Amino acid sequence: MKMNELKLVYFSPTGATRKAVMETARGIDLRSVSFDFSVYREKRPALKFAHDDFALFGIPVYYGRVPALFMEYLENISGNNTPAALIATYGCREYDDALLELKTEVERRGFKVIGAAAFPAEHSIVPTIGSRRPNKADMKTISEYGIELNRILRKEDSFGHINIEIPGNTPYKKYGKNVLFPKADSGSCTLCGSCAKVCPAGAIPLKEPKKTVTSKCIGCMKCVRVCKQKARSVNSLKMSIAERKLKKICQSDKKAEVFL
Ligand SMILES: Cc1cc2nc3c(=O)[nH]c(=O)nc-3n(C[C@H](O)[C@H](O)[C@H](O)COP(=O)(O)O)c2cc1C
């Protein structure tokens, strides 16, 4: 089918999902436009995609689900029988119901899912889990995923008959509650505000960047990663408990999975 434009719609606080989305997009022979929801937007933009657009949705798995914040953006996005592909990156525990949930939600909004993939990545809370993933072999699988999607887009005249099976269960896993709130250390914080500017949840006041509004914080760890002074961190006791728990249930040798 003759296609118009590739729409990249993603949420990627610590960059792994973005990397997978961009590598996949490299294989797709279309001009692309990005909608990156990893930076806070007070207004959720209303986006309408055409039947000859191709949408690539990318999310990190949070608590085995689609991040709640991304779901808020998705509410305002609609397709017109628009073909779409999905990417979920996860921190080597499990992706549980996240891909199934994403497929169900985008199809409810007028998209037709023709491909989906789950890629293990460095764990954004404990980066020693799955460290340096996606690795070379993962990147090859990711790149082949893009090439295969491109082939399907070129080959098919319509996508209605495509029905891909994705693992997952309903009712979906219960959404977890964040208890890891990064805060700034008074000594090293220079009040530069770079954490506040990039927080996807708007949880750090620009005028008081040492603070975190815990009712808004989603624990994505973006502020910890961007702080050049390394001033932001989670309470060390809470972090070591989380680390111990995660190290027991994550396996750094998880395989990339593609569903076409
Ligand atoms: C709040 C939160 C919940 C998470 N839940 C899961 C999970 O259920 N399973 C898993 O394997 N990884 C989980 N992770 C790890 C992320 O899915 C993973 O690191 C992802 O690649 C991060 O993507 P990003 O770099 O694009 O932000 C979680 C991370 C955070 C911050």
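Preceding block: the structure.
Here is a short report on the structure shown in this document. Quantities reported herein were computed from a predicted structural model and do not represent experimental measurements.

Comments concerning the overall build of the protein
Right, so step 1: Scanning the protein for helices and strands turns up 7 helices and 10 strands.
Right, so step 2: The C-alpha atoms of the protein give 19 Å as radius of gyration, which agrees with the globular expectation for 260 residues (18 Å, within 12%).
Right, so step 3: If one aligns the C-alpha atoms of the protein with their principal axes, the spans along those axes are about 60 × 40 × 35 Å.
Right, so step 4: Relative to all contacts within the protein whose residues are 6 or more apart in sequence, the contacts with residues 24 or more apart total 83%.
Right, so step 5: Counting only carbon and sulfur atoms, one obtains 51% of the accessible surface of the protein, whose full area is about 12,900 Å².
Right, so step 6: If the 44 positive side-chain charges of the protein are averaged to one point and the 27 negative ones to another, these points end up 8 Å apart.

Focus: the sheet that holds strand E6 (residues 82–90)
Right, so step 1: Strand order in the open sheet formed by 6 strands is E2-E1-E4-E6-E7-E10, with mixed pairing between adjacent strands. Looking at the sheet topology across the chains shown, the edges are occupied by strand E2 (32–36) and strand E10 (257–259). Averaged over all adjacent pairs, the angle separating strand axes in this sheet is 15°, with direction ignored.
Right, so step 2: The pairing of E6 with strand E7 (residues 111–120) spans 9 bridges and is parallel.

Digging into the site of the ligand
Right, so step 1: What surrounds the ligand is a group of 25 residues, the closest being Ser12, Thr14, Thr17, Val61 and Thr89.
Right, so step 2: Measuring from an oxygen atom of the ligand, one finds a backbone N or O atom of valine 61 at 2.6 Å.
Right, so step 3: Interatomic distance of 2.8 Å between a backbone N/O atom of glutamate 122 and an oxygen atom of the ligand.
Right, so step 4: When isolated, the ligand has an accessible area of 640 Å², and the protein chains bury 97% of it.
Right, so step 5: Contributing elements (two or more residues each) for the shell around the ligand: helix H1 (16–26) and E6.
Right, so step 6: Its residues assigned to classes, the shell around the ligand shows 12 nonpolar, 10 polar and 3 charged.

Brief notes about unusual backbone geometry
As a rule of thumb, non-glycine residues mostly have phi less than zero, and peptide bonds are mostly trans rather than cis.
Right, so step 1: At the junction of arginine 133 and proline 134, the peptide bond is cis and its omega measures out at 0° in the coordinates.
Right, so step 2: As for its placement among the helices and strands, proline 134 is situated in the loop between E7 and helix H4 (136–155).
Right, so step 3: The omega angle of the peptide bond from threonine 170 to proline 171 is -10°, so this bond is cis rather than trans.
Right, so step 4: Tracing the backbone through its elements, the reader meets proline 171 in the loop between H4 and strand E8 (183–184).

Definitions and cut-offs
- Here, residues in each chain are numbered from 1, in the same order as that chain's written sequence.
- With pLDDT at 70 or above as the cut-off, local features in this predicted model cover only qualifying residues; side-chain atom pairs require 80 or more to be listed or tallied, and sums for whole chains, interfaces and linings still use all residues.
- With hydrogens and water set aside, each side-chain value is computed from the structure's full complement of heavy atoms.
- Segments assigned H or I by DSSP are reported as helices when at least four residues long, segments assigned E as strands when at least two residues long, and all are numbered from the N terminus.
- Taken over C-alpha atoms, the radius of gyration is set against a globule rule of 2.2 Å times the number of residues to the power 0.38.
- Note on contacts: a residue pair qualifies if any of its non-hydrogen atoms lie within 4.5 Å across the two residues.
- What sets the accessible areas is the Shrake-Rupley method with a 1.4 Å probe; for residues, cover comes only from the shown protein chains.
- In this tally, Lys and Arg are treated as positive and Asp and Glu as negative; His is ignored, and so are the chain termini.
- Charge positions come from single atoms, namely NZ of Lys, CZ of Arg, CG of Asp or CD of Glu.
- Pairing between strands is defined by DSSP: at least two bridges between the two strands are required.
- All axes are obtained by fitting lines to C-alpha atoms, using only the stretch in contact for helices, and the reported angles, taken between N-to-C directions, cover 0 to 180 degrees.
- Residue proximity to a molecule or strand is established when one non-hydrogen atom of the residue lies within 4 Å of it.
- The term polar contact refers here to a pair of N or O atoms within 3.5 Å; inside protein, the definition further demands a hydrogen-donor-capable atom paired with an acceptor-capable atom, and it admits residues adjacent in sequence only when both atoms are side-chain atoms.
- Each residue gets one of three labels, nonpolar for Ala, Val, Leu, Ile, Met, Phe, Trp, Tyr, Cys and Pro, charged for Asp, Glu, Lys and Arg, and polar for the others, Gly among them.

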